[in-house]
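Inside the fold
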Amino acid sequence: MSITLSTKHNIAIEVCSYSLESCIAAEKAGANRIELCASPFEGGTTPSAGLMKSAKENVNIQVHVMIRPRGGDFCYTDQEIGIMKADIEIAKQIGCDGIVLGILHPDGQINTGQIKELASLAHPMEVTVHRAFDMSSDPFEALEAIIDCGCTRILTSALQNKVTEGKELLREIVKKKLTEESRLWPEAASIPEMHRIY
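Residues numbered from 1 in each chain as written. Predicted model: local features only at pLDDT ≥ 70, side-chain atom pairs only at ≥ 80, totals over all residues. Heavy atoms only, no water.

Section: the overall build of the protein
- For the protein, the helix and strand inventory stands at seven helices and eight strands.
- Of the contacts formed within the protein by residues at least 6 apart in sequence, a portion of 66% connects residues at least 24 apart.
- Accessible surface, the protein: about 9100 Å² in total, of which carbon and sulfur atoms supply 51%. (Helix = DSSP H or I, 4+ residues; strand = E, 2+ residues; numbered from the N terminus. Contact = heavy atoms within 4.5 Å. Areas by Shrake-Rupley, 256 points an atom, 1.4 Å probe, with all protein chains shown as cover.)

Here it is, written out as C-alpha cells:
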C-alpha cells in the first residue's frame, strides 16, 4: 500500500494490485487509485493487456499501470525501451489513467533522455517514477531530474526499506523541493506511521 501526500497533506490511498480481484477489493476498501502490476516476487512488472482492460472495466477509481519489462535493475537496452513503448501505447488505448516507471544510468543517475521520451509518449496519462528513485546516486539531483522530465509523482521509501526509517530525508525532500505539481508518495508505511512522520 502507498500513501499519497500533497503539500497540503491531503492523504490519498493507492493499492498495488496484481489481480482483478485485488483491484475490486481495493476500491471497496476505499482506495483512491490502483497501481496495477504483475510478478510480485520481482517487485512488479508490466501486467497483461487483458488485466489492464478488465481493471478499467470493473473499477471506478484510477488505474496506473507499471511499465517494467522485467525484474532486476533499472537500466534498459534499446530493445527493452521498445517493449516499454509498446506497453505504454496499449495502456493508453485501453484508457488507463497513468503509468509507473523508472530508468537509471549505470552510475545511478536518472536517465532523463529515456524517461522524457516515454513520458511524452504516455501523454496525457500521468507519469509516476517508482522506487528506482531509491536506487539513485543523489536523491536531490534525482528529484530535479524527474521534475524536469515532466513526471508528477514519485514513489519512494526515502532510500530505505521502510519509509519510517528514512523519515528525516523525506522531510528534507518535502521541505526543499516538493511542489503542488510534483507529489511525493511515501511507500511501505501505514497511515498511523504517516501521521508520525508529518
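Notes on the pattern of salt bridges
- Under the criterion given, the structure shown has nine salt bridges.
- Here Glu57 and Lys53 are joined by a salt bridge, their closest N and O atoms 2.4 Å apart. Placement of both Glu57 and Lys53 in helix α2 (residues 49-58) is noted, with a separation of four residues, approximately one turn of the helix.
- Its relative accessible area of 44% is what places Lys53 among the partly exposed residues.
- Between Arg171 and Glu168 there is a salt bridge, with the nearest N and O atoms lying 2.7 Å from each other. You can see Arg171 and its partner Glu168 sitting in helix α6 (residues 167-177), three residues apart, about one turn around the helix.
- According to the relative accessible area criterion, Arg171 is partly exposed, its value standing at 32%. (Salt bridge = Lys/Arg side-chain N within 4 Å of Asp/Glu carboxyl O. Buried < 20%, exposed > 50% of the residue type's maximum accessible area, 1.4 Å probe, protein only.)

Quick word on the pairing of strand β2 (residues 11-17)
- Bridge analysis of β2 against strand β3 (residues 33-36) gives four bridges, and the strand direction is parallel. Paired with Glu14 across the two strands is Arg33, which belongs to β3.
- In this fold, the crossover linking β2 to β3 by way of helix α1 (residues 20-28) has right-handed handedness. (Pairing = 2+ DSSP bridges. Right-handed = clockwise from strand over helix to strand, strands pointing away.)

A short note on the pairing of strand β7 (residues 153-156)
- Neither face of β7 is open: one carries Arg153 and Leu155, the other Ile154 and Thr156, and all of them are buried.
- One crossover worth recording links strand β6 (residues 126-129) to the parallel β7 by way of helix α5 (residues 139-148), and it is right-handed.

So, the state of the cysteines
- Scanning all chains against the criterion turns up zero disulfides.
- Not part of a disulfide, Cys16 finds its nearest cysteine sulfur in Cys37, a span of 3.7 Å.
- By relative accessible area, which is 29% here, Cys16 ends up partly exposed.
- With no disulfide of its own, Cys23 has Cys16 as its nearest cysteine by sulfur position, at a separation of 9.5 Å. (Disulfide = S-S within 2.5 Å.)

Re the confidence of the model for the protein
- Predicted confidence across the protein gives a mean pLDDT of 86, with 83% of residues reaching 70 or more.
- Counting interchain partners and residues more than four positions distant, the pLDDT-below-50 stretch residues 3-8 has 25 contacts.
- Counting interchain partners and residues more than four positions distant, the pLDDT-below-50 stretch residues 188-198 has 30 contacts. (pLDDT = per-residue confidence, 0-100.)

Points about α2
- Regarding α2, the residues found buried are Leu51, Met52 and Ala55. Down the axis of α2, the buried side of the element spans an arc of 105°, and every buried residue falls inside it.
- If you follow the buried residues of α2, they end up packed against α1, β3, β4 (62-66) and α3 (78-94). (Arc of directions from axis to C-beta.)

Some remarks on α5
- The complete set of buried residues in α5 reads Pro139, Ala142, Leu143, Ala145 and Ile146. Summarising the axial view, the buried residues of α5 lie within an arc of 165°, below the 170-degree limit, and thus occupy one face.
- By the N-cap criterion, in which a side-chain oxygen at the helix start approaches the backbone nitrogen of a residue two or three places on, α5 is capped by Asp138, the distance to Phe140 being 2.9 Å. (Polar contact = N/O pair within 3.5 Å; in protein donor to acceptor, adjacent residues only side chain to side chain.)

Some words on the packing of α1 against α2
- The contact between α1 and α2 brings their axes to 9 Å, and the two run at 25°. Put simply, α1 runs roughly parallel to α2. Considering only the axes of α1 and α2, their crossing is right-handed. Taken together, the residues of α2 that come into contact with α1 (itself represented by Leu20, Cys23, Ile24 and Glu27) are Leu51, Ser54, Ala55 and Asn58.
- Here the contact of α1 with α2 is built from residues that sort into five nonpolar, two polar and one charged. (Axes fitted to C-alpha atoms, helices over the stretch in contact; angles between N-to-C directions. Parallel < 35°, antiparallel > 145°, perpendicular 65-115°, else oblique. Left-handed = near helix turned anticlockwise from the far one by under 90°. Nonpolar A, V, L, I, M, F, W, Y, C, P; charged D, E, K, R; others polar.)

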